[in-house]
Amino acid sequence: MGFFSKLFGGKQETKAPAVEPIEHKGFLIYPEAKSEGGQYRINGRITKGEGEDLKTHHFIRSDVLASKDDANEFMLKKAKMFIDQMGDNIFG
């Protein structure tokens with residue numbers, strides 16, 4: 001980044017922090033609570049497969065909780081229940 005970009009707030013690349021996935025019945029669950037107005041929305045991804053066969057389901061709920069850890073824990077519980085009920089039908 002150049003001097004003037006730093007000085008005047010040029011574009012800065014922001015990367016989402018890496019999330020360690022939790023494996024459940026062959027699926028990977030990525031809890032990614034989303035900050036909203038001082039609370040955290042239950043949010044994340046469920047994936048299965050690799051490379052070109054990778055399938056992803058984005059998981060978001062209307063629930064908001066006071067702490068990021070609570071939101072991630074709730075997402076993990078709901079994602080496991082969703083996987084148990086739907087299996088591979090999550091992606092179709």
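For the structure itself, look to the data block above.
Figured I'd write up the structure that's included with this text. (Residues numbered from 1 in each chain as written. Predicted model: local features only at pLDDT ≥ 70, side-chain atom pairs only at ≥ 80, totals over all residues. Heavy atoms only, no water.)

**Here we look at the overall build of the protein chain**
Counting its regular elements, the protein chain contains 2 helices and 5 strands. What you see in the protein chain, going N to C, is helices and strands ordered as α-β-β-β-β-β-α. Taking all 92 residues of the protein chain together, the buried fraction comes to 22%. For the protein chain, contacts bridging at least 24 residues in sequence account for 41% of all contacts bridging at least 6. In the form shown here, the protein chain has an accessible surface area of approximately 6800 Å², with 50% of it arising from carbon and sulfur atoms. (Helix = DSSP H or I, 4+ residues; strand = E, 2+ residues; numbered from the N terminus. Buried < 20%, exposed > 50% of the residue type's maximum accessible area, 1.4 Å probe, protein only. Contact = heavy atoms within 4.5 Å. Areas by Shrake-Rupley, 256 points an atom, 1.4 Å probe, with all protein chains shown as cover.)

**Quick notes on the pairing of strand 2 (residues 27-31)**
The two faces of the sheet receive side chains in turn, since in a regular strand these alternate between them. Across the 5 residues of strand 2, 4 count as buried, placing the element largely inside the fold. Relative to strand 2, strand 1 (residues 22-24) runs antiparallel, the two being bridged by 3 bridges. Residue pairing for strand 2: Glu23 is matched across the bridge by Leu28. As consecutive antiparallel partners, strand 1 and strand 2 are separated by 2 residues, and within that stretch Lys25 has a phi angle of approximately 55°, a positive value. Pairing of strand 2 with strand 4 (residues 39-48) involves 4 bridges; the strand directions are antiparallel. Opposite Tyr30, over in strand 4, you have Arg45 as the bridge partner. (Pairing = 2+ DSSP bridges.)

**So, the side chain of Asn72**
Topologically, Asn72 is positioned in helix 2 (residues 68-86). Among the polar contacts listed, one links the side chain of Asn72 to the backbone nitrogen of Ala33, at a separation of 2.8 Å. Sequence-distant contacts of Asn72, that is, excluding residues within four places in its chain, are made with Pro31, Glu32 and Ala33. (Polar contact = N/O pair within 3.5 Å; in protein donor to acceptor, adjacent residues only side chain to side chain.)

**Brief notes about the nonpolar core**
Phe27, Ile29, Ala33, Ile42, Ile46, Phe59, Ala71, Met75, Leu76, Ala79, Ile83 and Ile90 form the largest nonpolar core, which has 12 residues in total. Listing elements by their share of this core, those giving two or more residues are strand 2, strand 4 and helix 2. Looking at which element gives the most residues to this core, the answer is helix 2, with 5 residues. (Core = buried A, V, L, I, M, F, W, Y, C linked by side-chain atoms within 4.5 Å.)

**As for the pairing of strand 5 (residues 55-65)**
Bridge count for strand 4 against strand 5 is 8 bridges, and the pairing is antiparallel. Its bridge partner being in strand 5, Arg45 is matched across the sheet by His58.

**Section: the pattern of salt bridges**
One pass over the structure, following the stated rule, counts 5 salt bridges. Residues Lys25 and Asp84 are paired through a salt bridge, measuring 2.9 Å at the closest nitrogen-oxygen approach. With Lys25 in the loop between strand 1 and strand 2 and Asp84 in helix 2, the pair connects residues that are 59 residues apart, well separated along the chain. For the salt bridge of Asp63 with Arg61, the shortest nitrogen-to-oxygen distance reads 2.8 Å. What makes Asp63 partly exposed here is its relative accessible area of 26%. (Salt bridge = Lys/Arg side-chain N within 4 Å of Asp/Glu carboxyl O.)

Purely geometric stuff here, so don't read any function into it on its own.
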